[in-house]
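Chain residues, written in single-letter form:
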Amino acid sequence: MHLELIEATKMSDAEAGALRALTAAVYPPTPHADNAPSRREWAPTKWSIMIRDLDQQLVSHVGVLTRLCLCDGDAILIGGIGSVKTHPSQRRKGFAGAGLRRAIEFLQGEMGVDIALLFCGPHMRSYYRRFGFTSFAGDTLVRQDGANVLFPREEVMVMPVMKPVPQCAVLDLCGLPW
């Protein structure tokens, strides 16, 4: 397994193509997708952790970004983890876990964020708990269609990085979710 951290703006055409192919394998197009209303708008990641197998094929990806957010009005630096995906044929082999550990290491060592935050469906919470994430107890505001909206509480998970997870009532991510 080979892990590489790449800044999104410095990704080569070949790397971007491999990531698009991985995304298509993980999220295949569905019939009538062009007519379906968009459910959520997501922020792009700033860094990509590209996980390759022994044959140098891209099999998994973890996206990372940082953002200054507001916790009950006080500034907090959050490391966002998103766009976690593994090719269906390569799941349960530790690729995403290795990428998550590298993301957390990067957020702690190089970025010095206060906490890490990710969004996931309820079916993935037990997976992320293995890495130290817990459900966030407060309300989380994100931007959607130009307005602040409440993100479903059961889909927000946090973990301490440089500081304990704050016990704020409202966490405003000051932008799109990731």
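Each value, and the rule that gives it
Here the residue numbering is sequential within each chain, running from 1 through the sequence in written order. Side-chain atom pairs in this predicted model are given and counted only at pLDDT of 80 or more, local residue features only at pLDDT of at least 70, and totals for whole chains, interfaces and linings cover all residues. Side-chain numbers come from the whole structure's heavy atoms, not from hydrogens or water. Secondary structure elements follow DSSP: runs of H or I of four or more residues count as helices, runs of E of two or more count as strands, with numbering from the N terminus. It is over C-alpha atoms that the radius of gyration is taken, and the globule rule equals 2.2 Å times the number of residues to the power 0.38. When accessible area is computed with a 1.4 Å probe and restricted to protein chains, residues below 20% of their type maximum are described as buried, those above 50% as exposed, and intermediate ones as partly exposed. Should any heavy atoms of two residues lie within 4.5 Å, those residues are counted as being in contact. Computed by Shrake-Rupley with a 1.4 Å probe, the accessible areas treat only the displayed protein chains as cover when residues are assessed. For this count, His and the chain ends are skipped, Lys and Arg are scored as positive, and Asp and Glu as negative. Taken as the charge centre is NZ of Lys, CZ of Arg, CG of Asp or CD of Glu, depending on the residue.

Chemist: Help me out: how do you make sense of the overall build of the protein chain in this one?
Modeler: From N to C terminus, the protein chain includes 3 helices and 10 strands. Listing each helix as α and each strand as β along the protein chain from the N terminus yields β-α-β-β-β-α-β-α-β-β-β-β-β. Its C-alpha radius of gyration of 16 Å places the protein chain within 12% of the 16 Å reference for a compact globule of 178 residues. When its C-alpha atoms are laid out on the principal axes, the protein chain stretches across 45 × 40 × 30 Å. Counting the 178 residues in the protein chain, one finds 44% classified as buried. Put simply, of all contacts in the protein chain between residues at least 6 apart along the chain, 72% involve residues at least 24 apart. Put simply, the protein chain shows about 9600 Å² of open surface, and 53% of that area lies on carbon and sulfur atoms. Side-chain charges of the protein chain comprise 19 positive and 18 negative groups, with the mean position of each set lying 6 Å from the other.

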